[in-house]
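If you want the building blocks of each chain, they are given just below.
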Amino acid sequence: MKEYQTITEISGPLVYAEVDEAIGYDEIVEIETAQGETLRGQVLESSEGVVAIQVFEGTSGIDQNASVRFLGETMKMPVTEDLLGRVLDGSGRPIDDGPEIVPEERQDIVGAAINPYSREYPEEFIETGVSAIDGMNTLVRGQKLPIFSSSGQPHSQLAMQIARQASVPEEEEDGEESSEFAVIFGAMGITQEEANEFMDDFERTGALERSVVFMNLADDPAVERTVTPRMVLTTAEYLAFEKDYHVLVILTDMTNYCEALREIGAAREEVPGRRGYPGYMYTDLAQLYERAGRIQGREGSVTQIPILTMPGDDDTHPIPDLTGYITEGQIYVDPDLNSQGLQPPINVLPSLSRLMDDGIGEGLTREDHADVKDQMFAAYAEGEDLRDLVNIVGREALSELDNKYLDFADAFESEFVDQGFDQNRDIEETLSIGWDLLSMLPKDALNRIDEEFIEEYYREDDSERKVIEAAD
């Protein structure tokens, strides 16, 4: 193995070195400093005579006397079923004081694109235990459904709740042997305090036993942050397509990942795109998000919930904008609902799950699910519109039915959306609460629900009940 002492330039997380042989793109590099420390890197750009290397641990301690070795292979993730229950750093090394990982194989972290012909359409329900998601914006196996939040919102608590509660209910009910469920949690650029909260919750609830946790902290190098989601997804693909697990991947925070791309792009002096982000960010995000899915003939699946904080709560910002193009919907965490104390503060009106209709209904959730969802959307939207009108004319000027829509909107937020971060509701309980709320409206207002469902589920004794105010 050739060793070079030809470093010509150090720029941020990048090291430039002269070479006299062809070096492959993405090739793994070892850099030995004058102090004897060995750092790992990856070839980011290779041209005749010069290569650019991004160093995972940062360039501190590297000078022109450092030695560079090219290992002749791309970065690989050591994978095994024994990774479940383990905590790793952002580049896949154990940090939980557990035993060394003995891999069954080592897989390239870039992954292989799923052939569109081999993709199986996502249509099985994943129960998160969160009514605003399960009832109104259902997650299905193989889907990529991001959570759009903003700084200061409790998206971390929502992520922990989903990781703790998510399950595949119809497989649990079958007596036959079924695929197991696993959660791969990838944290990028989070603080030590957030990391401690995540780990305390995983250990307290026992969720760690079925999870693999990757932790890249805010003070870890930005370069490592670009590797973390690929490590996560390589592990997920192994468990899903070789060990038949249904895998839920939670990635937080994708905004930190994109900031790392911008930092590296600036160090390379690339021509920036929108708001300084690289022009290839859409392609880069698509390479990650499109690794979700199902493959014909394989039992397992990979489902993604990427979480991103929108700078300035602006959903036209490049990160949420590009994410929305690639993924199949979005869940909005709303600052106004959060200020009212709702947990989780999910605003269902701008939220959307494009694959929901294929994952609900008879044999999946319940036969009345689609009708209940449509009617609650319509009634809540009507109540929201009337709130604006009340500010102008007052409640006394509204009709009796309009006042019931206002009461419905208040009750929907306080009883359906606001469930707390520790309550786990199954789909039957979620739909039951939905019918309790819809029974506040007269039957003839339920014009989106089939008559037979109204006869079976409508509660006559609830139609005149008083709504408990949110303050109570």
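Analysis parameters
Residues numbered from 1 in each chain as written. Predicted model: local features only at pLDDT ≥ 70, side-chain atom pairs only at ≥ 80, totals over all residues. Heavy atoms only, no water. UniProt positions renumbered as here; feature names shortened; annotations may be inferred. Patch = residues over 30% accessible without salt bridge, like charges linked within 9 Å, V, L, I, M, F, W, Y side chains within 5 Å. Areas by Shrake-Rupley, 256 points an atom, 1.4 Å probe, with all protein chains shown as cover. Salt bridge = Lys/Arg side-chain N within 4 Å of Asp/Glu carboxyl O. Helix = DSSP H or I, 4+ residues; strand = E, 2+ residues; numbered from the N terminus. Buried < 20%, exposed > 50% of the residue type's maximum accessible area, 1.4 Å probe, protein only. Contact = heavy atoms within 4.5 Å. Core = buried A, V, L, I, M, F, W, Y, C linked by side-chain atoms within 4.5 Å. Axes fitted to C-alpha atoms, helices over the stretch in contact; angles between N-to-C directions. Parallel < 35°, antiparallel > 145°, perpendicular 65-115°, else oblique. Left-handed = near helix turned anticlockwise from the far one by under 90°. Nonpolar A, V, L, I, M, F, W, Y, C, P; charged D, E, K, R; others polar. Pairing = 2+ DSSP bridges. Lys, Arg positive; Asp, Glu negative; His and termini not counted. Charge placed at Lys NZ, Arg CZ, Asp CG, Glu CD. Phe/Tyr/Trp six-rings, centres within 6.5 Å; stacked < 30°, edge-to-face > 60°. pLDDT = per-residue confidence, 0-100. Expected span 1.5 Å × (residues − 1). Arc of directions from axis to C-beta. Polar contact = N/O pair within 3.5 Å; in protein donor to acceptor, adjacent residues only side chain to side chain.

Where an unreviewed UniProt entry is consulted, the chain appears under the name A-type ATP synthase subunit B, with the organism given as Halorubrum yunnanense. Of the chain, the UniProt comment under Subunit (unreviewed entry) reads exactly: "Has multiple subunits with at least A(3), B(3), C, D, E, F, H, I and proteolipid K(x)." As its UniProt record puts it under Sequence similarities (unreviewed entry), the chain is described as follows: "Belongs to the ATPase alpha/beta chains family."

Right, let's talk about a nonpolar patch on the surface for a bit. Judged by side-chain polarity, L389, I392 and V393 come together as a nonpolar surface patch covering roughly 280 Å² of accessible area. The residue V393 is located in helix 10 (residues 369-393) in this model. We classify V393 as partly exposed; its relative accessible area is 40%.

Attention shifts here to the side chain of S353. Residue placement: S353 occurs in strand 21 (residues 346-353). A relative accessible area of 6% means that S353 is categorised as buried. The contacts of S353, once residues within four sequence positions are left out, are N137, T138, Q143, L145 and E328.

The subject of this paragraph is the UniProt feature "domain: ATPase F1/V1/A1 complex alpha/beta subunit N-terminal" (unreviewed entry) in the chain. Annotation from UniProt places "domain: ATPase F1/V1/A1 complex alpha/beta subunit N-terminal" (unreviewed entry) at residues 7-72. With 0% helix and 58% strand, the stretch residues 7-72 has end C-alpha atoms that lie 19 Å from each other.

Turning to the nonpolar core, a few remarks are in order. The biggest cluster of nonpolar side chains holds 73 residues, and the ones touching the most others in it are I162, M215, L248, I250, F408 and F412. Here this core gets eight residues from one element, more than from any other, and that element is helix 11 (residues 400-417).

What follows deals with the packing of helix 2 (residues 155-165) against helix 4 (residues 192-205). Close contact between helix 2 and helix 4 brings their axes to 11 Å; oriented N to C, the two are set at 25 degrees. Between helix 2 and helix 4, the crossing angle belongs to the class labelled roughly parallel. Relative to helix 4, the crossing made by helix 2 is right-handed. Where helix 2 abuts helix 4, its residues S156, M160, A163 and R164 lie against E194, E197, F198, D201, F202 and T205. Split into classes, the residues belonging to the contact of helix 2 with helix 4 amount to four nonpolar, two polar and four charged.

Reading across the sheet, the seven strands line up as 1-7-4-5-6-3-2 and stay open at both edges, with antiparallel pairing between neighbours. Looking along the sheet, the strands with just one partner apiece sit at the ends: strand 1 (3-4) and strand 2 (7-11). Where strand 4 (residues 27-32) and strand 5 (residues 38-47) come together, five bridges link them in antiparallel fashion. Across the sheet, V29 pairs through a bridge with G41, a residue of strand 5. Strand contacts of helix 6 (residues 254-267): strand 2, strand 3 (14-18), strand 5 and strand 6 (50-55), with the helix running at about 40 degrees to strand 3, the strand carrying the most contacts.

Inspection of the secondary structure puts A52 in strand 6. For A52 and S211, which are 159 residues apart along the polypeptide, the C-alpha to C-alpha distance reads 35 Å. In contact with A52, other than residues within four places in its own chain, are V15, Y16, Q42, V43, L44 and E45.

For the rest of this paragraph, the subject is a negative patch on the surface. A cluster of like negative charges, contributed by E362, E367, D450, E451, E452 and E456, occupies part of the molecular surface. Looking at the element boundaries, E362 is found in the loop between strand 21 and helix 10. Its relative accessible area of 69% is what places E362 among the exposed residues.

Scanning the entire structure with this criterion turns up eight aromatic pairs. Ring centres of F185 and F198 lie 4.7 Å apart, and the angle between their planes is 55 degrees; on these two criteria the pair is classed as tilted. Within this pair, whereas F185 is found in strand 15 (residues 181-190), its partner F198 is found in helix 4, the two being separated by 13 residues in sequence. Among the residues examined, F198 registers a relative accessible area of 1% and is labelled buried. F185 gets classed as buried once you look at its relative accessible area, which sits at 0%.

Summarising the model, the chain shows a mean pLDDT of 90, and 95% of its residues fall at 70 or more. Scored below 50 in pLDDT, residues 466-472 shows four contacts in the model against residues more than four places distant or in partner chains.

With that settled, the discussion passes to helix 4. With 14 residues, helix 4 ought to run about 20 Å at 1.5 Å a step, and its terminal C-alpha atoms sit 20 Å apart, in line with that. Where helix 4 is concerned, the buried positions are A195, F198, M199, D201 and F202. Each buried residue of helix 4 lies within a common arc of 160 degrees when the element is viewed along its axis, so the set occupies one face. Away from the buried face of helix 4 by more than 90 degrees, exposed residues E193, E203 and R204 are located. Those residues of helix 4 that are buried lie in contact with strand 9 (87-89), helix 2, strand 15, strand 16 (211-217) and strand 17 (246-252). Immediately downstream of helix 4, the backbone of G206 shows phi near 80 degrees, a positive value.

Examined against the element boundaries, D334 turns out to sit in the loop between strand 20 (329-333) and helix 9 (335-339). Residues contacting D334, with those up to four places away along its chain left out, are Q153, P345 and N347. Within the structure, D334 has its side chain in polar contact with the backbone nitrogen of D336 (distance 2.8 Å).

Attention now goes to helix 8 (residues 318-326). Of all nine residues that make up helix 8, seven are buried, and the element is covered over most of its length. Taken as a whole, helix 8 has its buried residues at P318, I319, P320, L322, T323, G324 and I326.

What follows concerns the pattern of salt bridges. Pairing is possible between side chains that carry opposite charge, provided their charged atoms lie close to one another. Counted by the stated rule, this structure contains 37 salt bridges. Across the pair R268 and E45 runs a salt bridge, and its minimum N-O distance is 3.0 Å. Here R268 is found in the loop between helix 6 and helix 7 (281-289), whereas its partner E45 is found in strand 5, with 223 residues between them in sequence. Take R268: its relative accessible area is 23%, and that puts it in the partly exposed class. For E45, a relative accessible area of 38% gives the class partly exposed. Linking K404 and E400 is a salt bridge whose minimum nitrogen-to-oxygen distance equals 3.9 Å. Of this pair, K404 and E400 are both found in helix 11, four residues apart, which corresponds to roughly one turn of the helix.

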